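If you want the building blocks of each chain, they are given just below.
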Amino acid sequence: MKKILDCIADAIKPAFTASGYDDSFAKITLSNRPDLCEYQCNGAMAAAKTYKKKPIDIAKDVADYVSHSQNKDMFSEITAVMPGFINIRLNPEYVAKYLNSMEQEPKYGLEESGKGETVIVDYGGANVAKPLHVGHLRSAIIGESIKRMGRFLGYDMIGDVHLGDWGLQMGLIIEELRDRKPDLPYFDEDHRGAYPAEPPFTIGELEDIYPAASAKSKEDEGFKARAQEATFRLQNGYGPFRAIWRHIMDVSLADLRKNYGNLGVTFDLWKGESDAQEYIPGLIEDLQEKGLAYESQGALVVDIAQEGDSKELPPCIIRKSDGAALYATSDLGTILDREKAYEPSRYIYITDKRQELHFIQVFRVAKKAGYVKEDTPMVHLMFGTMNGKDGKPFKTREGGVMRLEELMAQINGAVYERIMENRTVSDEEARKTAGIIGLAALKYGDLSNQASKDYIFDMDRFISFEGNTGPYILYTIVRIKSILAKYSETAGELGPDVKILGAASETEKNLMLQITKYHEVIPAGFKETAPHKICQFIYELSDVFNKFYNSTMILKEENKERQASYIKLIRLTKGVLETCIDLLGFEAPDRM
Ligand code: ARG
């Protein structure tokens, strides 16, 4: 369906043309003075310069023309006001008609503008064998939402978790394992034949091994050297270490899937840095042949500085002097892999903003070397830090890194307490509902901020049922569900020919106008990789709904046609809210 702003523009274009002005001036925006009008056209101000006329005269010509044209029924008001604005209010019947068609269309008439485009979304980015902590939380939450938005718009979205599965942590784990269980066959140089199919550790042990090894390597130079050597051997294909690596991967992946699953986050690809390795020798050779990579102080680098850079950007290091490949090299290898498999028309990477330089370097090398087409957008969506109430990066009370599971347990616990305050449901239902609301609180608390900004994790605020929070949105949906249930108990289901009628009150009209923004907000949210725009939209939608609800006797309405129209309108409101929260990655309970 056409966006309502475009419908209005189309209706006034003939007025511009007929009055002798170019119709490109017929641009409509939402009013910034809602007390005066709903929409406005400022085209007369711009046209005044071109036609050397007073803006008010142009505005009058246009408004007059529309008022006498066949399009006049669309408006309840279209007036020229000083110095040359055109103030517009829509006819309530027109708005109702628009909503009735929305109701009938799949996806409420959203145009699938992404058809035929393949987009890689690289998010999550957990490091295998290291616990998933809040630092990875934002990437997962934001990325999942971007992926869902794109998919809803018809893009072929491919979400890749891009695991950190090829670094020093693997060597650390191998050597720590050797110290703990020296008799394992992996450490017996004379071992012949296959290795055990059973992993030599549980996830619990593995979670203990990595931090212990990491701490040891900071104190014990010898241990660190061993870990580096083990990493090197693993990367060069040493069989026994590859076998341990496989176990680490299997055990960790099962755990990661569970953790991401609890967050409502799923991936199409579970690839990682290790999958890029086969491309690296060829990549290095190619960059050298193209004359892009050169030796500098023993390392191999590619210059990426460009004219117009506001600061000096260091070259991208492709290979260190000790021969080790690097994070950037692995990301370039991954790009080759993705190009081969999907030829994406867009890349979106989601990490914290400390990786800004890394991605500038990777993107520029990829384009310079021609691995990615010049006009393929490569977006790095950078997010800020999640801080505690003290304004410092979020930590546990003991000052450690908060584990994701721990964090979710805390939120769910707090929501549970709140539900039990006015205990109306069974304990079992309360726990289940707390999980649903807790996830919404966490995700909405994150997504409602502009991603690039730091934000404060404020549990009390996030779980509040009032204000700009996830639970408030859910509360609104639940309220609508309950009205709908009560209505159908007495009146049955809405018949197919029930229509939404023109608004009977101002609060009803505000609700209707807010719903029409849906067609604007979803494409904008995706294009600008800005889930907070969807949050803002549903917050306002919930607000206007609640104002309508408070001023309208829906279930006591005596005019049955009017009542059915209300019901249809609030059902549409619920549908739009539910669609949006699904794009944000959470859902609403039936009761709360
Ligand atoms: N594993 C990385 C980290 O924890 C994030 C990976 C992001 N994606 C990428 N293609 N580099 O920092």
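Here the structure is a predicted model, which means the values were calculated and not measured.

Chemist: Sorry, what's going on with the pattern of salt bridges here?
Modeler: Opposite charge on two side chains lets them pair, provided their charged atoms get close. All told, the structure shown has 43 salt bridges when counted by the stated rule. Aspartate 446 is the partner of arginine 138 in a salt bridge, and the nearest nitrogen-oxygen pair spans 3.0 Å. Separated by 308 residues along the polypeptide, arginine 138 in helix α5 (residues 134-152) and aspartate 446 in helix α14 (residues 427-447) bring together distant segments of the chain. Overall, the relative accessible area of 2% leaves arginine 138 in the buried class. Here arginine 148 makes a salt bridge to glutamate 144, at a shortest N to O gap of 2.8 Å.

Chemist: What is the right way to look at the packing of helix α19 (residues 531-551) against helix α20 (residues 560-584) in this model?
Modeler: Relative orientation and spacing of two packed helices are given, respectively, by the angle between their axes and the distance between those axes. Where α19 meets α20, the axes come as close as 10 Å, and the angle between the chain directions of the two elements is 155°. As far as their axial angle goes, α20 and α19 are roughly antiparallel. The two elements α19 and α20 cross, and the hand of that crossing is left-handed. Side by side, α19 and α20 meet where Pro531, Ile534, Cys535, Phe537, Ile538, Leu541, Ser542, Phe545 and Phe548 of the first sit next to Tyr566, Ile570, Thr573, Val576, Leu577, Cys580, Ile581, Leu583 and Leu584 of the second.

Chemist: Is there a simple way to think about unusual backbone geometry in this case?
Modeler: Most of the time, phi is negative for any residue but glycine, and the peptide bond is trans. For the bond running from methionine 82 to proline 83, omega is -5°, close enough to zero to count as cis. Mapping proline 83 onto the fold places it in the loop between β3 (75-81) and β4 (85-90). Of note, the phi angle at threonine 529 is positive, near 35°, even though the residue is not glycine. With respect to the helices, strands and loops of the structure, threonine 529 is situated in the loop between α18 (518-527) and α19.

Chemist: When you look at the site of the ligand in this model, what are you seeing that I'm missing?
Modeler: Close to the ligand lie Asp122, Gly125, Asn127, His136, His162, Tyr327, Asp331, Tyr349, Thr351, Gln355 and Phe359, which account for all nearby residues. Between a nitrogen atom of the ligand and a main-chain N or O atom of glycine 125, the distance comes to 2.9 Å. A distance of 2.8 Å is found between a nitrogen atom of the ligand and a side-chain nitrogen or oxygen belonging to asparagine 127. Sorting the residues of the shell around the ligand by element identifies α11 (327-342) and β10 (346-352) as the ones contributing at least two each. Among the residues making up the shell around the ligand, the classes are represented as three nonpolar, six polar and two charged.

Chemist: I would appreciate a short explanation of the sheet that holds strand β9 (residues 316-319) in the present structure.
Modeler: The pairing of strands in a sheet comes from backbone hydrogen bonds and takes either a parallel or an antiparallel form. As summarised here, the arrangement of the three strands in space is β7-β8-β9, forming an open sheet in which the pairing is antiparallel. Edge positions in the sheet fall to β7 (293-296) and β9, since each of these pairs with one other strand and no more. When the angles between neighbouring strand axes are averaged without regard to direction, this sheet yields 45°. In this sheet, β9 lies alongside strand β8 (residues 299-302) in antiparallel orientation, the contact comprising three bridges. Within β9, the position partnered with valine 302 by the bridge is cysteine 316.

Chemist: Sorry if this is basic, but what is going on with the environment of glycine 159 here?
Modeler: Note that glycine 159 resides in strand β6 (residues 156-160). Given a relative accessible area of 0%, glycine 159 falls into the buried group. Separated by 246 residues in the primary sequence, glycine 159 and glutamate 405 place their C-alpha atoms 22 Å from one another. Residues within four places of glycine 159 in sequence aside, it is in contact with Val121, Tyr123, Lys147, Phe267, Asp268 and Leu269.

Chemist: Sorry, what's going on with the sheet that holds β10 here?
Modeler: The strand order across the open sheet built from four strands is β6-β5-β10-β11, with neighbouring strands paired in parallel fashion. Looking at the sheet topology across the chains shown, the edges are occupied by β6 and β11 (378-383). Looking at each pair of strands side by side, their axes are set apart by 20° on average, direction ignored. Pairing of strand β5 (residues 118-122) with β10, which is carried by four bridges, proceeds in the parallel orientation. The partner of valine 121 across the bridge, within β10, is isoleucine 348. α5 rests against β5, β6, β10 and β11 of the sheet, and its axis sits at about 135° to β11. Sheet strands touched by helix α12 (residues 356-368): β10 and β11. Its angle to β11, the strand with the most contacts, is close to 175°.

Conventions adopted
- One numbering rule holds for all chains: residues counted from 1, following each sequence as written.
- Residues qualify for local features only when their pLDDT is at least 70, as the model is predicted, and side-chain atom pairs are given and counted only at 80 or more; totals for whole chains, interfaces and linings, by contrast, use all residues.
- With hydrogens and water set aside, each side-chain value is computed from the structure's full complement of heavy atoms.
- Each salt bridge in this description consists of a side-chain nitrogen of Lys or Arg and a carboxyl oxygen of Asp or Glu lying within 4 Å of one another.
- Strands here mean DSSP runs of E at least two residues long; helices mean DSSP runs of H or I at least four residues long; both are numbered from the N terminus.
- Each residue's exposure class comes from its accessible area (1.4 Å probe, protein chains only) as a fraction of the maximum for that residue type: buried when under 20%, exposed when over 50%, partly exposed otherwise.
- The convention used is that axes are lines fitted to C-alpha atoms, helices contributing only their stretch in contact, and that angles between N-to-C directions extend from 0 to 180 degrees.
- What sets the label is the angle itself: under 35 degrees gives roughly parallel, over 145 gives roughly antiparallel, 65 to 115 gives roughly perpendicular, and the rest give oblique.
- Take the far helix as the reference: if the near one is turned anticlockwise from it by less than a right angle, the crossing is left-handed, and if turned clockwise, right-handed.
- Should any heavy atoms of two residues lie within 4.5 Å, those residues are considered in contact.
- If even one non-hydrogen atom of a residue comes within 4 Å of a molecule or strand, that residue is called near it.
- Counting of polar contacts relies on pairs of N or O atoms within 3.5 Å, with two restrictions inside protein: one atom must be capable of donating a hydrogen and the other of accepting it, and residues adjacent in sequence are counted only when both atoms are side-chain atoms.
- Ten residues, namely Ala, Val, Leu, Ile, Met, Phe, Trp, Tyr, Cys and Pro, are considered nonpolar, four, namely Asp, Glu, Lys and Arg, are considered charged, and the remaining ones, Gly among them, are considered polar.
- The criterion for strand pairing is that DSSP finds at least two bridges linking the strands in question.

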